[in-house]
Each structure stands twice: as C-alpha cells, then as structure tokens.
Amino acid sequence: MPKRALPQVSKTAGQEAIERIVQRRREVRDPDLAGLESRDPAEHPLAVIQHVLSCRRVPDWVTSNDVLDALWVLAYVRLHCSHRPDEAEHLEHELLELGRVMQIAMIRMAPPLNVHSRQAVEHRLLRHRASRLGLGRSERLERAHRLARTQPRSTSSEALWYDQHALALWEAAAQLISSRSEFDHLIDDEMAECLIGLRRAVREMQWPLSSAHYSTLREIGWWMEEIVDSLREVRYAAFREQLGDLHATVATLSAAYHRARFGDS
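Notes on the structure in this doc start here. (Residues numbered from 1 in each chain as written. Predicted model: local features only at pLDDT ≥ 70, side-chain atom pairs only at ≥ 80, totals over all residues. Heavy atoms only, no water.)

1. Focus: the overall build of the protein chain
Here comes step 1: In terms of helices and strands, the protein chain carries twelve helices and zero strands.
Here comes step 2: If you list the helices and strands of the protein chain from N to C, you get α-α-α-α-α-α-α-α-α-α-α-α.
Here comes step 3: Across the 265 residues that make up the protein chain, the buried fraction comes to 46%.
Here comes step 4: Partitioning the contacts of the protein chain with sequence separation of at least 6, the portion at a separation of at least 24 is 70%.
Here comes step 5: Carbon and sulfur atoms make up 50% of the accessible area of the protein chain, which totals about 13,300 Å². (Helix = DSSP H or I, 4+ residues; strand = E, 2+ residues; numbered from the N terminus. Buried < 20%, exposed > 50% of the residue type's maximum accessible area, 1.4 Å probe, protein only. Contact = heavy atoms within 4.5 Å. Areas by Shrake-Rupley, 256 points an atom, 1.4 Å probe, with all protein chains shown as cover.)

Next comes the structure, spelled out in structure tokens:
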C-alpha cells in the first residue's frame, strides 16, 4: 500500500490561501492585522498561521474559514518553505484543536491533511494529543489513557453486555483482522490503520473476563465502530462485499455495543 503523502499544494495555491486569510481579516477590520502586514505575509507564511491561532478578535465565521486556509498554508510550507518539522507538527495540532473548538466538520479539514475521512482527521488529532501527554504518537495510547480513567461499574449496562457478548465481539474482531491478509488489495492506508489498531487491542485481551479488561473491550468496540462506519463508503464497496456475512455480524455487534455504552444516542 502507498504511504500517506503530503498534499500537492503549488506555490500559487499556498500564496492564494495566505491572501484569503489576510483579505478576510481586512474586511472585518481585524485590530491585530497591522502587525502581521508589517512583516509581508507572503514572505512569512508561518506568521500567518500563528496570527490565525492567536488573534481571535474577529467573528467566528472568519476564524473558521481561516483555520481551513491555514491548514493549506501549512501544507504549502511543508512542501516549499524552510521550516522545523516539530514546529509544523505543533501548528497542525493547534489548528486541528481550534477547528474542533469552532465546530468545523472533521471531513472539511481532511483535504489539506491529504486524508479522506473524518476518522483519519480524528486519528491525527488524537496522535497529537498523545504526543503532548508524553505517550508517543499513537491515538491508541491517547484513547487508552482516557478510557482508563472511566472504568464502568460492575453493575452497569455496559458490564452486563460484556458478560453476555464479550467473546462474540472479540471473535468477530479477530475474523475481521484475518480478512486483511486476503483482501489487502481492496483497502487503503486509513482502513489498514483501523485494522492494525483493532489487532493490537484483540491481542491484548485476556480471558477469563473481568472488569480489568473492560478498557480493552472498549478499545475493540471503538475500532469496530470506526471500521463499520468506514465500510459504508463507496471506496470500500468491494471489500464490504468480500466480507459477506461477517460484515453483517460485525455491524450488528458494533451497534449493540454502542447501545450498551451510550443508550439509544
């Protein structure tokens, strides 16, 4: 499978993204814009991104559109400008976090990251958070850290569901993982990431079942939900067809797991 590459942003497209940010700020009379313009934004693209992140005395619609353009500016910087990789990573994290605060749909932030789904954007965000926590760049580690603080009570509906269905969930997940070797040509990097994450969780599960294993089951369930959600996309139609009855089994278990954890929401 091809490795994920940076989006191909031309110098012209990068400069146009910078100009859109500046022009937007001019239109709403950003009180902080003079400082940015004194440095020639076209020559200082990283300063433009910093301005979007730190200068928020503008309407929300301006900030939301600026975040999307700033992600394109960052992609342009990575391809065409001198920069420190660690600084670019930091700015990407801050832009994604700001995008979340502004309630920008994850899928809208996907193109400048050269990914194709909301899940992939969320994974990128979680990897940044894990790194910030000193856990390593892994969305799995961030999720495990978060889930470990919210163990379900032994009498909860979630725990009762595990008592009855944990083995079926684990077995279906194991079958789904094994399908990758046979149908690898039908998936891309994003689906492979989900299957790799699911495989790690499946391997960590231990029996007999106890409350100590609930966090691992939660991770298995989380990956299963991600995979089932992705399988609805047209690009996975051939893979979905090859899974056959397993797809229906996984979808049913995933939906039941979600109801046990969150009710009917």
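2. Some remarks on helix α12 (residues 245–262)
Note: α-helices contain 3.6 residues per turn, so residues at a spacing of three or four share the same orientation.
Here comes step 1: Its 18 residues place the ends of α12 26 Å apart at the C-alpha level, agreeing with the 26 Å of an ideal helix rising 1.5 Å per residue.
Here comes step 2: Among the residues of α12, Leu246, Val250, Leu253, Ser254, Ala256, Tyr257 and Ala260 are the ones counted as buried. Buried residues of α12, viewed axially, fall in a sector of 170 degrees; they line one side.
Here comes step 3: Looking at the buried side of α12, the elements it contacts are α8 (157–183), α10 (214–231) and α11 (237–243). (Expected span 1.5 Å × (residues − 1). Arc of directions from axis to C-beta.)

3. Some remarks on the packing of aromatic side chains
Here comes step 1: Evaluated as defined, the whole model comprises six aromatic pairs.
Here comes step 2: Residues Trp161 and Tyr162 carry aromatic rings whose centres are separated by 6.2 Å and whose planes lie at 65 degrees to one another, so their mutual orientation is edge-to-face.
Here comes step 3: The exposure class assigned to Tyr162 is buried, which follows from its relative accessible area of 1%.
Here comes step 4: Aromatic pair Tyr162 and Tyr214: ring centres 5.0 Å apart, planes at 40 degrees, arrangement tilted. Of this pair, Tyr162 sits in helix α8 while Tyr214 sits in helix α10, placing them 52 residues apart in sequence.
Here comes step 5: Classification of Tyr214 as buried rests on a relative accessible area of 5%.
Here comes step 6: Taken together through their ring pairs, the aromatic side chains of Trp161, Tyr162, Tyr214 and Tyr257 make up a single cluster. (Phe/Tyr/Trp six-rings, centres within 6.5 Å; stacked < 30°, edge-to-face > 60°.)

4. Remarks on empty space enclosed by the protein
Here comes step 1: This model, assessed by the stated rule, comprises one cavity of 30 Å³ or more.
Here comes step 2: Space inside the largest cavity adds up to approximately 50 Å³.
Here comes step 3: Surrounding the largest cavity, Ser117, Gln119, Ala120, His123, Glu190, Met191, Cys194, Ser230, Arg235 and Tyr236 form its lining.
Here comes step 4: Contributions of two or more residues to the lining of the largest cavity are made by α6 (118–132) and α9 (189–204). (1 Å grid on protein atoms, 1.4 Å probe; cavity = no way out; pocket = protein on both sides within 12 Å on 5 of 7 lines; lining within 4 Å. Points joined across faces, edges and corners; volume = space filled by probe spheres on them.)

5. What about the packing of α8 against α12?
Here comes step 1: Viewed as axis vectors pointing N to C, α8 and α12 meet at an angle of 155 degrees, and their least axial separation amounts to 10 Å. The angle between the axes of α8 and α12 places the two elements in the roughly antiparallel class. Along this stretch, α8 crosses α12, giving a crossing that reads as left-handed. Residue-level contacts link Ser157, Glu158, Trp161, Tyr162, Ala168, Leu169, Ala172, Gln175 and Leu176 of α8 to Leu246, Thr249, Val250, Leu253, Ala256, Tyr257, Ala260 and Arg261 of α12.
Here comes step 2: Along the lines of polarity and charge, the residues of the contact of α8 with α12 split into twelve nonpolar, three polar and two charged. (Axes fitted to C-alpha atoms, helices over the stretch in contact; angles between N-to-C directions. Parallel < 35°, antiparallel > 145°, perpendicular 65-115°, else oblique. Left-handed = near helix turned anticlockwise from the far one by under 90°. Nonpolar A, V, L, I, M, F, W, Y, C, P; charged D, E, K, R; others polar.)

6. Concerning helix α5 (residues 85–101)
Here comes step 1: Across its 17 residues, α5 extends 24 Å between first and last C-alpha, which sits within 8% of the 24 Å expected from 1.5 Å per residue.
Here comes step 2: Within the sequence span of α5, burial applies to Ala88, Leu91, Glu92, His93, Leu95, Leu96, Leu98 and Gly99.
Here comes step 3: Just downstream of α5, Gln103 is the residue with a positive phi angle, here 60 degrees.

7. Considerations on the side chain of Thr216
Here comes step 1: In this structure, Thr216 sits in helix α10.
Here comes step 2: Of the residues examined, Thr216 reaches a relative accessible area of 13% and is grouped as buried.

8. Some words on the environment of Thr216
Here comes step 1: Once the C-alpha coordinates of Thr216 and Val202 are considered, the two residues, 14 residues apart in sequence, prove to be 7.9 Å apart.
Here comes step 2: Setting aside chain neighbours within four positions, we find Thr216 in contact with Ala201, Glu204 and Met205.

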